[in-house]
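# Coordinate inspection notes
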Amino acid sequence: MSPGRMTTERRFDPVSTVKRKKQSLHYPSQHPLPQEQAAMVAFKTIANWFAPKAEKEQDGRDKWPSRTAFVLAAMGGAVGLGNLLRYPSVVFANNGVQWFIPYLIALFFLGIPVLILEISIGQAYRGGVIIAYNGINKYTKGVGLAVIMNGFIVATYYVPILSWIMRYFRSSFTSPLPWTGRGQEFYMRDAIRNIDPIPGNTSGSSVIDYTQYPGTGMIGETVGWCAFVWFLVWLCMFRGVGLTGRVVYFTMGLPIIMIFILIGRGVSLPNAIDGIRMYFAEWHGEKLGGGAIWQAACGQIFFSIGVGFGYFTSYASYNTRFANAVQDAFIIALSNSMYEILAGFAVFGIIGFLGLRPEDGTQLGTFTVGFLTYPLAISEMPGANVWAVFFFLTVAILGLSSAFALVESLVTMVCDSDLGRKTSRTIIATGIVVIAFLLSLMYCTEFGFYLLDAVDTWINNLSLIFVVWFEGIVTMTLYRCGDVSQQVGAVAYIVNSSAYVLSMVLGVAVGQAVGPEAGAGVGFGLFIVGTAAAVLLARTPDSVPPRFWGNNVWLSKFWWLSFYSANQLRRDLNSVVAEGNNWSIPYFWGPIVRYISCPILAIVVSFAYPSFYTKRMDPLHIFAFTVAHVVMITIAVGFCLPRALDVFVPVDRRHNGTVTYAPQVTVLGVTSGSVAMEDGNGGLREHSSNDMEAERKK
């Protein structure tokens, strides 16, 4: 710099000085005072404490602040209205200690195996549902998208239910309680505020006229509560698992404490022992001979745990890579069942207090328990307002934890995409919550209750079960199917897989049309014939199966066709989730999912179509039935146009579904899609064809 320029810069300019003073006076924000700086620092400190940014795993992905936070968040998704309201209504119709036989069988043979699958693939593939299923097979991304759609659709009507609960919560501060002596009227006229529909009529197989819904207006209070609850949902998850990991201590901790308070009150009511005896001390063994109790138990476990909505896979993707996934699955499933079993004592104490019995023709539904039975009993208790506040606050918080879990799978999907990586999670979460709120408004109308009932019926009874059924099928048959095709031949693989799927489809179809015996005959017959034909068509594999399966050529072919995909998926997942002293996925997990869970789900989903026939004159049920099928068709889109869904998978992860031909070689580091095998010292070496026989015995 020249001396002349230095002299010029130091020269005093009165005009410039005056301008700087004016700018300082008129724009103080450009020169904050020390007090303002201190206030801003304090505000940021409080904000970061309340909504901290998530810590990062070594691969750069957000991770939970602790294992407890993940378990509580997953429990928050599982434990909800189904535990406190639906469970007692199902047990009431099948009362007696014999209920727990099919219930526990369904828990261990349906709920836990599918839960292990969803948590393990999320943790192993370090991504949301679509990324995880892209890792299973590049053609199964549609299954992941269908799972996410299920969860988001349920979230849009779940929050309006919480709006009705908040209406009751508000009224709990009025004495006497406004539903005293008019429970049904308060429920339908004050809380729901829907206008009764005009029923449609049928004649034989023809529809004479369709059901009409005179009410079309919006209900102001329901809209207001809906907006408030959606704001709470956003507040619980807009910053990611760092924030959610703190919120869940409240959303799960408080309901756990309050349920014990409600149990204490319920069992202390006059004649409560009669209800508890009905729940836990009667035996009606003859019910085990009918199908109703078994169907009810399977449905309750399935709906209660919450598989098929995507949040378990999404939440697990934020675990540390080598977390104890199998043990976590057992903790979540058993805690979920323990919560609803304990909550049953509170409700059945009230049932005894009210003198209700199923033999008297009394029928309880989920909404009946939550909005009629429990409020009626509360109104007759001393200190009714206090117990009303406790009850509805508990239900609202349980519902809130489930609501933001249902939204999380969609938020994670967007955040994991290439576009989402360039956008703030806060912006993504805000946009999704706003869209969800707008969709929720259709349930805040004068026909919203009936629309909600229709959508809930067909999402839960049709698309949800169908999607989880497909989850089991694709993971048990398509995972590393290239190994099977090249070992035993493509023709044998296609024949075997087709027979496996068609035996369930045609078996349940014939069972519904003709009878259970005929359906079982067709299903088992087709499966046996198809499997036998596939074994006869199969060529002798050059990679020998483990244990006694490798002692015979025919057994070897059968193992490759019937067990390889499930067994190899188990081994590959165990290379991540069973690291160190972690629990491993047991060898019988795959056969249970393939040959027990999937057939059960196929049977359950088959009941949906006959029941729709009785609702065919209702336009709301037709709409909901169509929405359920849109979710189901999404799976077909993934198979037919797999590249169309690549937009949801980042470029560097799209190759995960393509695994190099490496029969019986454990794929380590599934997130990168690389194929390697363990050497004798626990290290890694590149795979070669000479390694197959040494690896097969592991």
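Going by the annotation in an unreviewed UniProt entry, the name recorded for the protein chain is Sodium/chloride dependent neurotransmitter transporter, with Purpureocillium lavendulum given as the source organism. Its UniProt record gives the protein chain the following Subcellular location (unreviewed entry) comment, quoted word for word: "Membrane".

The interhelical angle for the contact between helix H22 (residues 490–513) and helix H26 (residues 589–606), taken along N-to-C directions, is 35°, at an axis separation of 9 Å. When the axes of H22 and H26 are compared, the crossing they make is right-handed. Packed against H22, whose contacting residues are Asn496, Tyr500, Met504, Val508 and Gln512, the element H26 presents Arg594, Tyr595, Cys598, Pro599, Ala602, Ile603 and Ser606 at the interface. The residue inventory of the contact of H22 with H26, partitioned by class, reads eight nonpolar, three polar and one charged.

Once that is clear, we can look at unusual backbone geometry. Geometrically, the link from Ser175 to Pro176 is a cis peptide bond, its omega value of -5° lying close to zero. With respect to the helices, strands and loops of the structure, Pro176 is situated in the loop between helix H8 (141–171) and helix H9 (183–192). Phi is positive for Arg193, close to 60°, though the residue is something other than glycine. Tracing the chain through its elements places Arg193 in the loop between H9 and strand E3 (201–203). For Arg193, a relative accessible area of 32% gives the class partly exposed. Of note in the backbone geometry, Asn271 takes a positive phi value of approximately 65° without being a glycine. Along the chain, the position of Asn271 falls in the loop between helix H11 (241–267) and helix H12 (272–280).

Our focus in this paragraph is H26. Taking 1.5 Å as the rise per residue, H26 with 18 residues should run 26 Å; its terminal C-alpha atoms sit 25 Å apart, in good agreement. Helix geometry: H26 is bent most strongly at Ser597, by close to 30°, with proline Pro599 lying one to four residues after it.

Let us look at the packing of aromatic side chains. Evaluated as defined, the whole model comprises 58 aromatic pairs. Taken together, a centroid distance of 6.1 Å and an interplanar angle of 70° make the contact between Tyr157 and Tyr443 edge-to-face. Of this pair, Tyr157 sits in helix H8 while Tyr443 sits in the loop between helix H19 (425–440) and helix H20 (448–477), placing them 286 residues apart in sequence. You'll find Tyr157 and Tyr443 in the same group, each marked buried. A centroid spacing of 5.2 Å and a plane angle of 45° characterise the contact between Tyr168 and Trp179, whose relative ring orientation is tilted. Here Trp179 lies in the loop between H8 and H9 and Tyr168 lies in helix H8, a separation of eleven residues in the sequence. Given the relative accessible area of 1%, Tyr168 is considered buried. Assessed through its relative accessible area of 2%, Trp179 is described here as buried. The positively charged end of Arg594 is found above the aromatic ring belonging to Tyr500, 4.4 Å away from the centroid. It is Arg616 that lies over the ring of Tyr613; its NZ or CZ is 3.8 Å from the centre.

The next thing to look at is the side chain of Asn137. In this fold, Asn137 is placed in the loop between helix H7 (129–136) and H8. Overall, the relative accessible area of 9% leaves Asn137 in the buried class. For Asn137, the side chain forms a polar contact with the main-chain nitrogen of Tyr139, separated by 2.9 Å. At a separation of 3.3 Å, a polar atom in the side chain of Asn137 contacts the main-chain carbonyl oxygen of Leu478.

Residue position: Arg616 is located in the loop between helix H27 (608–613) and helix H28 (619–640). In this structure, Arg616 is buried with no salt-bridge partner, the nearest side chain bearing the opposite charge being Asp209 at 11 Å. Within polar-contact distance, the side chain of Arg616 engages the backbone oxygen of Tyr613 at 2.6 Å. Contacts of Arg616, omitting those with residues within four sequence positions, involve Thr202, Gly204, Ser205, Ser206, Val207, Tyr210 and Ile622.

Quick look at the pairing of strand E4 (residues 206–209) now. As paired strands, E3 and E4 are joined by three bridges and run antiparallel to one another. Its bridge partner lying in E4, Asn201 is registered against Asp209. What sits between E3 and E4 in their antiparallel hairpin is a turn of two residues, with Gly204 showing a positive phi close to 65°.

Quick notes on the rules
Residues numbered from 1 in each chain as written. Predicted model: local features only at pLDDT ≥ 70, side-chain atom pairs only at ≥ 80, totals over all residues. Heavy atoms only, no water. UniProt positions renumbered as here; feature names shortened; annotations may be inferred. Axes fitted to C-alpha atoms, helices over the stretch in contact; angles between N-to-C directions. Helix = DSSP H or I, 4+ residues; strand = E, 2+ residues; numbered from the N terminus. Left-handed = near helix turned anticlockwise from the far one by under 90°. Contact = heavy atoms within 4.5 Å. Nonpolar A, V, L, I, M, F, W, Y, C, P; charged D, E, K, R; others polar. Buried < 20%, exposed > 50% of the residue type's maximum accessible area, 1.4 Å probe, protein only. Expected span 1.5 Å × (residues − 1). Bend = angle between axes of the 7 residues up to and from the residue. Phe/Tyr/Trp six-rings, centres within 6.5 Å; stacked < 30°, edge-to-face > 60°. Lys NZ or Arg CZ within 6 Å of the ring centre and 35° of its normal. Polar contact = N/O pair within 3.5 Å; in protein donor to acceptor, adjacent residues only side chain to side chain. Lys, Arg positive; Asp, Glu negative; His and termini not counted. Salt bridge = Lys/Arg side-chain N within 4 Å of Asp/Glu carboxyl O. Pairing = 2+ DSSP bridges.

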